[in-house]
Amino acid sequence: MSGGSLRFVLGDQLDRAIAALRGLDAKTDVVFLCEVADETTYVPHHPKKIAFLFSAMRHLAAELEADGVTVDYIRLDARGNTGSFKGELERAVKRHRPERVVVTHPGEYRVLADMRTWSKALGIPVEIREDDRFFCALETFAAWAEGRKQLRMELFYRDMRKQTGYLMDAFGEPVGNRWNFDAENRKPIPRNVETPGPRRFEPDAITRDVLDLVRERFEPGFGDVEGFGFAVTAADARKALAHFVRHGLARFGDYQDAMRQDEDFLFHSILSHYMNAGLLRPREVCDAVQKAYDKGDVPLNAAEGYIRQVIGWREYVRGIYWMRMPDYARENRLGAKRDLPDFYWGTPTAMNCLARVIDQTRREAHSHHIQRLMITGNFALLIGVEPVQICAWYLAVYADAYDWVELPNTLGMVMFADGGYLGSKPYAAGGNYINKMSDFCGSCAYDVRKKAGPQACPFNYLYWNFLIENREVLRGNQRLARVYSTLDRMSDDRKTEIRQDSLRFMAGLKTDEAYAPPQVQRDLFGSVQTPSARKRKAAARTG
């Protein structure tokens with residue numbers, strides 16, 4: 001090829017209709033995809049996440065080639081692979097001598113910053129096209145946000161409902177005369193309720209080849225590729241969508257906040273990694289939910305609860321990310337600076353809720369939003385983990401995590417590190433919430449009913465300690481007025497007890513194992529190693 005365009009498709013843009021492929025001329029253009037080391041190692045990504053993206057990339061390349069499109073595909077283990085986007089683009093430009101490179105706006109600020117240097121490095125124009133897979137363009141979100149003292153998702157979501165028409169009546173009013181049915185979506189799940197689980201797919205030859213590569217390059221790590229069953233094509237992702245709408249959506253609303261220790265998925269769709277990587281478009285997902293509601297197959301609280309997550313929260317956090325980066329990533333309004341405990345990477349902990357959710361994350365590269373917010377996130381907030389560390393963990397361990405969606409959710413909603421720009425109050429809670437919404441507490445070494453002492457649930461005293469430590473910043477928050485009024489009525493002895501329990505517990509987090517009650521040791525993780533142990537083992541192999 002000499003002339004034409006080099007159409008560069010990133011690993012989270014695996015959509016045949018992606019902007020970079022619009023106007024593709026099969027006679028003169030080349031589609032370029034590459035697996036590069038830099039994108040697998042900037043955080044220690046879960047092996048299932050790497051396998052999912054590489055397999056989906058290879059399947060897209062095969063589909064394009066079958067349709068007569070010229071594809072230049074660089075595998076991770078290809079000879080001469082430079083390990084970076086820019087390095088591989090430079091080599092591709094030398095091979096094909098295009099007139100220009102066409103790309104779609106990326107989902108991570110660090111990639112966009114690099115992308116803006118490509119034209120100079122390559123010596124040819126680089127056209128960066130808007131990513132139109134989203135409902136709300138970035139310019140539109142910025143215009144909506146302009147002049148507002150606070151950006152509240154609920155107001156943005158209502159505008160998105162009006163714009164899209166989802167769950168709106170003929171008079172321009174919300175169906176059911178309410179915008180939000182979240183109050184009806186917080187039920188604990190009864191033991192006798194059966195759950196469907198997500199649609200799984202048997203790995204084909206392409207995927208099996210990727211799994212072998214990932215086992216060789218990225219294991220041992222946090223998690224592995226055993227039991228891999230993700231969809232890796234748009235066709236199979238649509239089957240996963242149909243499965244959820246038919247079997248899970250009707251009860252999603254009621255139990256979307258529930259947790260059960262012996263079941264990983266409940267009624268959740270497990271579609272976010274397909275949407276975020278480009279195998280599903282958010283519009284086709286919402287259309288399917290709207291159609292199911294129109295047919296009477298699902299109740300309104302389920303349809304509204306799901307559509308709110310897609311057109312409301314998902315679009316909202318993306319808008320905030322691109323408005324506030326790169327400074328947003330450095331926010332730390334509460335001054336949190338504790339290191340992330342090692343049990344987030346798989347060492348044992350006696351706290352059953354954390355052990356179960358982290359173990360699920362290790363096995364599946366997935367946990368649902370309440371597990372992330374109110375278990376792993378709540379704990380990190382209460383002990384004051386440095387935001388950059390917990391953000392890196394969420395980005396690494398979840399198959400659906402990309403910076404644009406992970407960072408605002410973690411830094412803003414989970415850690416309140418932006419001081420309330422994204423959320424109106426910290427999502428902090430004691431053990432009672434976890435006990436209400438799950439069955440974790442009944443199997444825990446700690447007693448959720450106890451408020452103090454070595455046997456007490458750590459969430460109980462850590463919650464109040466968090467409020468004590470952050471009083472200066474949080475005291476003026478109107479949504480915490482009642483909580484601080486309760487704290488103010490506590491005796492000095494009770495406050496001292498809270499501080500002593502919290503300091504004792506957090507001192508135990510400095511070691512490889514969290515503090516456990518006397519005589520109690522648990523290992524729910526087998527031979528999973530901490531990052532430091534993996535480094536020592538790798539050094540021994542190469543030394």
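**Points about the side chain of aspartate 72**
Turning to step 1, where the next piece is worked out: In this fold, aspartate 72 is placed in strand β3 (residues 70–74).
Turning to step 2, where the next piece is worked out: Classification of aspartate 72 by relative accessible area gives buried; the value is 10%.
Turning to step 3, where the next piece is worked out: At 2.7 Å, the side chain of aspartate 72 and the side chain of arginine 95 are in polar contact.
Turning to step 4, where the next piece is worked out: Those residues within four positions of aspartate 72 in sequence are excluded, and the remaining contacts are Val30, Val31, Phe32, Leu33, Ala92, Arg95 and His96.

**Looking at the packing of aromatic side chains**
Turning to step 1, where the next piece is worked out: Under the defined criterion, the tally for this structure stands at 32 aromatic pairs.
Turning to step 2, where the next piece is worked out: Look at tyrosine 321 and tryptophan 322: their rings are 5.0 Å apart centre to centre, the planes differ by 85°, and that puts the pair in the edge-to-face class.
Turning to step 3, where the next piece is worked out: Given the relative accessible area of 15%, tryptophan 322 is considered buried.
Turning to step 4, where the next piece is worked out: For the pair phenylalanine 343 and phenylalanine 379, a centre-to-centre distance of 5.6 Å together with 55° between the ring planes defines the contact as tilted. Of the two residues, phenylalanine 343 sits in the loop between α13 (300–324) and α14 (352–364) while phenylalanine 379 sits in helix α15 (residues 369–383), which places them 36 residues apart along the sequence. The two residues phenylalanine 343 and phenylalanine 379 agree in class, both being buried.

**A closer look at unusual backbone geometry**
Turning to step 1, where the next piece is worked out: Along the chain, glutamate 219 connects to proline 220 via a cis peptide bond; the corresponding omega equals 0°.
Turning to step 2, where the next piece is worked out: Position of proline 220 relative to the elements: it lies in the loop between α8 (205–218) and α9 (234–247).
Turning to step 3, where the next piece is worked out: The omega angle of the peptide bond from methionine 325 to proline 326 is 5°, so this bond is cis rather than trans.
Turning to step 4, where the next piece is worked out: Inspection of the secondary structure assignment puts proline 326 in the loop between α13 and α14.
Turning to step 5, where the next piece is worked out: In the Ramachandran plot, isoleucine 270 falls in the positive-phi region, its phi being about 55° despite a non-glycine side chain.
Turning to step 6, where the next piece is worked out: Mapped onto the elements, isoleucine 270 comes out in the loop between α10 (249–255) and α11 (272–277).
Turning to step 7, where the next piece is worked out: With a phi angle near 50°, phenylalanine 416 is a residue other than glycine that sits in the positive phi range.
Turning to step 8, where the next piece is worked out: Residue placement: phenylalanine 416 occurs in the loop between α17 (403–414) and α18 (431–437).
Turning to step 9, where the next piece is worked out: The exposure class of phenylalanine 416 is buried, given its relative accessible area of 3%.

**Focus: the sheet that holds strand β4 (residues 100–104)**
Turning to step 1, where the next piece is worked out: Overall, parallel pairing links the 5 strands, which are arranged β3-β2-β1-β4-β5 in an open sheet. The two strands at the open ends of the sheet, each matched to only one other strand, are β3 and β5 (126–129). Put simply, the sheet's adjacent strands are angled 25° from each other on average, direction ignored.
Turning to step 2, where the next piece is worked out: Sheet analysis places strand β2 (residues 30–34) next to β3, joined by 5 bridges and oriented parallel. Opposite valine 31, over in β3, you have valine 71 as the bridge partner.
Turning to step 3, where the next piece is worked out: Contacts between helix α2 (residues 47–66) and the sheet are confined to β2 and β3, with β3 contributing the most and set at about 155° to the helix.
Turning to step 4, where the next piece is worked out: Sheet contacts for helix α3 (residues 85–96): β1 (5–8), β2, β3 and β4; angle to β2, the most-contacted strand, approximately 150°.

**Describing the side chain of glutamate 304**
Turning to step 1, where the next piece is worked out: Mapped onto the elements, glutamate 304 comes out in helix α13.
Turning to step 2, where the next piece is worked out: Classification of glutamate 304 by relative accessible area gives buried; the value is 0%.
Turning to step 3, where the next piece is worked out: Within the local environment of glutamate 304, its side chain forms a polar contact with the backbone nitrogen of phenylalanine 181, the two atoms lying 2.9 Å apart.
Turning to step 4, where the next piece is worked out: In this view, glutamate 304 contacts Tyr157, Arg161, Leu167, Trp179, Asn180, Phe181 and Asp182; residues no more than four positions away in its chain are not counted.

**Side note on the confidence of the model for the protein chain**
Turning to step 1, where the next piece is worked out: Averaged over every residue, the pLDDT of the protein chain is 92; the share at 70 or more is 93%.
Turning to step 2, where the next piece is worked out: Throughout residues 511–543 the model reports pLDDT below 50, and contacts reaching past four residues in sequence, or to other chains, amount to 57 contacts.

**Describing the packing of helix α19 (residues 458–469) against helix α21 (residues 481–489)**
Turning to step 1, where the next piece is worked out: For the pair α19 and α21, interaxial distance at closest approach is 11 Å and the crossing angle is 95°. Between α19 and α21, the angle falls in the class roughly perpendicular. Within the contact between the two elements, α19 uses Tyr463, Trp464, Leu467 and Ile468 and α21 uses Val483, Tyr484, Thr486 and Leu487.
Turning to step 2, where the next piece is worked out: Among the residues making up the contact of α19 with α21, the classes are represented as 7 nonpolar, 1 polar and no charged.

**Things to note about the environment of arginine 133**
Turning to step 1, where the next piece is worked out: Of note, arginine 133 is situated in the loop between β5 and α6 (138–145).
Turning to step 2, where the next piece is worked out: Along the primary structure arginine 133 and alanine 17 are separated by 116 residues, whereas in three dimensions their C-alpha atoms are 8.9 Å apart.
Turning to step 3, where the next piece is worked out: Residues within four places of arginine 133 in sequence aside, it is in contact with Asp12, Gln13, Asp15, Ile18, Met275, Asn276, Ala277, Gly278, Arg281 and Pro282.
Turning to step 4, where the next piece is worked out: Among the polar contacts listed, one links the side chain of arginine 133 to the backbone oxygen of aspartate 12, at a separation of 2.9 Å.
Turning to step 5, where the next piece is worked out: In this structure the side chain of arginine 133 is engaged in a polar contact, spanning 2.7 Å, whose partner is the side chain of aspartate 131.

Here is what the cut-offs are and how they apply
- Residues numbered from 1 in each chain as written.
- Predicted model: local features only at pLDDT ≥ 70, side-chain atom pairs only at ≥ 80, totals over all residues.
- Heavy atoms only, no water.
- Helix = DSSP H or I, 4+ residues; strand = E, 2+ residues; numbered from the N terminus.
- Buried < 20%, exposed > 50% of the residue type's maximum accessible area, 1.4 Å probe, protein only.
- Polar contact = N/O pair within 3.5 Å; in protein donor to acceptor, adjacent residues only side chain to side chain.
- Contact = heavy atoms within 4.5 Å.
- Phe/Tyr/Trp six-rings, centres within 6.5 Å; stacked < 30°, edge-to-face > 60°.
- Pairing = 2+ DSSP bridges.
- Axes fitted to C-alpha atoms, helices over the stretch in contact; angles between N-to-C directions.
- pLDDT = per-residue confidence, 0-100.
- Parallel < 35°, antiparallel > 145°, perpendicular 65-115°, else oblique.
- Nonpolar A, V, L, I, M, F, W, Y, C, P; charged D, E, K, R; others polar.

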